[in-house]
Amino acid sequence: MFRNLNFALLSFAFVIAAVGEGRAEPQGATILTVTGDLSHGEEVTFDRDQLKEIGWETITTESPFLEGEQTFTGTPMSALLRYLDIETGTFVAFALNDYSIEIPLSDARKYQVLLALEHNGQAMRIRDRGPIWIIYPTTKSDSLDVNAERRMVWQLKQLDYTR
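The structure presented is a predicted model; accordingly, all values stated were derived computationally and were not measured. (Residues numbered from 1 in each chain as written. Predicted model: local features only at pLDDT ≥ 70, side-chain atom pairs only at ≥ 80, totals over all residues. Heavy atoms only, no water.)

Draft legend 1. Quick look at the sheet that holds strand 1 (residues 30-38). The mixed open sheet is built from 5 strands, whose spatial order is 2-1-10-5-6. Of all strands in the sheet, those bounded by a partner on one side alone are strand 2 (41-47) and strand 6 (100-104). Averaged over all neighbouring strand pairs, the angle between strand axes comes to 20°, with direction disregarded. Relative to the sheet, helix 3 (residues 77-84) contacts strand 1, strand 2, strand 5 (90-95) and strand 10 (156-162), its axis offset from that of strand 2 by approximately 135°. (Pairing = 2+ DSSP bridges. Helix = DSSP H or I, 4+ residues; strand = E, 2+ residues; numbered from the N terminus. Axes fitted to C-alpha atoms, helices over the stretch in contact; angles between N-to-C directions. Contact = heavy atoms within 4.5 Å.)

Draft legend 2. Focus on the pattern of salt bridges. In this structure the tally under the stated criterion is 5 salt bridges. A salt bridge links D37 to R163, with the shortest nitrogen-to-oxygen separation between them at 2.9 Å. Of this pair, D37 sits in strand 1 while R163 is found in the segment after strand 10, placing the two residues 126 residues apart along the sequence. The class of R163 is exposed, set by a relative accessible area of 68%. Among the ionic pairs, K157 bridges to D98, the shortest N-O distance being 3.2 Å. (Salt bridge = Lys/Arg side-chain N within 4 Å of Asp/Glu carboxyl O. Buried < 20%, exposed > 50% of the residue type's maximum accessible area, 1.4 Å probe, protein only.)

Draft legend 3. Examining the nonpolar core more closely. Formed by 41 residues in total, the largest nonpolar core has its most connected members in L32 and I134. Sort the elements by how many residues they give to this core and helix 3 lands first, with 5 residues. Non-local contacts of I134, meaning those with residues more than four positions away in its chain, are made with M77, A93, I103, V113, L114, L115, R151, M152, V153, L156 and L159. (Core = buried A, V, L, I, M, F, W, Y, C linked by side-chain atoms within 4.5 Å.)

Draft legend 4. Spotlight on helix 3. Of all 8 residues in helix 3, 6 are buried; the element is thus mostly enclosed. Listing the buried residues of helix 3 in full gives M77, S78, A79, L80, L81 and L84. The first or second residue beyond helix 3 is D85, which carries a positive phi of 60°.

Draft legend 5. Geometry of the pairing of strand 6. Burial along strand 6 is one-sided: I101 and I103 are buried, and none of S100, E102 and P104, which face the opposite way, are. Across 5 bridges, strand 5 lies against strand 6 in antiparallel orientation. Looking at strand 6, one finds that V92 is bridged to E102. As consecutive antiparallel partners, strand 5 and strand 6 are separated by 4 residues, and within that stretch D98 has a phi angle of approximately 70°, a positive value.

Draft legend 6. Focus on unusual backbone geometry. Cis rather than trans, the peptide bond between G130 and P131 has omega equal to 5°. Position of P131 relative to the elements: it lies in the loop between strand 8 (122-123) and strand 9 (133-135). Residues other than glycine seldom take positive phi values, yet D85 does so here, at roughly 60°. Within the fold, D85 resides in the loop between helix 3 and strand 5. Judged by relative accessible area, which is 55%, D85 ranks as exposed. Here Q155, not a glycine, exhibits a phi torsion of approximately 55°, which is positive. Here Q155 lies in the loop between helix 5 (148-151) and strand 10.

Here is the structure:
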C-alpha cells in the first residue's frame, strides 16, 4: 500500500512541477523544437497533442504546390507565439532536409499562418510533407508577400527564434 502511495505522490509532484513551469514535457514523439532566447528556456519541444492544445484551426486555401483548394488543419503560428510569449522578431524555419528560411513573425498575424498537421482530414506523414507544413492562406490574401511561397516549409522540424 505504501509503495502505491509513494508512486502516486511522486506522480502528483511531477504533474505539479510541470504545471508550475507553465508546460509539460511531450508525452508523444517530439515533432517540433523551438530554440532561441525564449521565456520558457532555450529550447521548447512539442508533440502533436501539445500543439493541438495551443490552438487548432482549419483553413481551406489554394497552394502553389498542389492543384485546387486544399483543407489544412493545425496550430496557428500566432497561437504558438502567444504560448511562447513572443511578440516580435524572426523565426528561422528548418526542414528535415535542412532547407531553412527566415520568417518574420509579423507574417503570423498579417497572413494567419498555420502550422498544418493535417491535410484534407488526414494526419500528414513525412512522405506527405509532414509532420508539419507551414501554410500561408494564399486564397484569402491579395497582398501576400512574394517570399511567402518560399516560407511554406514542409517537413518542418525546428523554429529558431531571434528578437
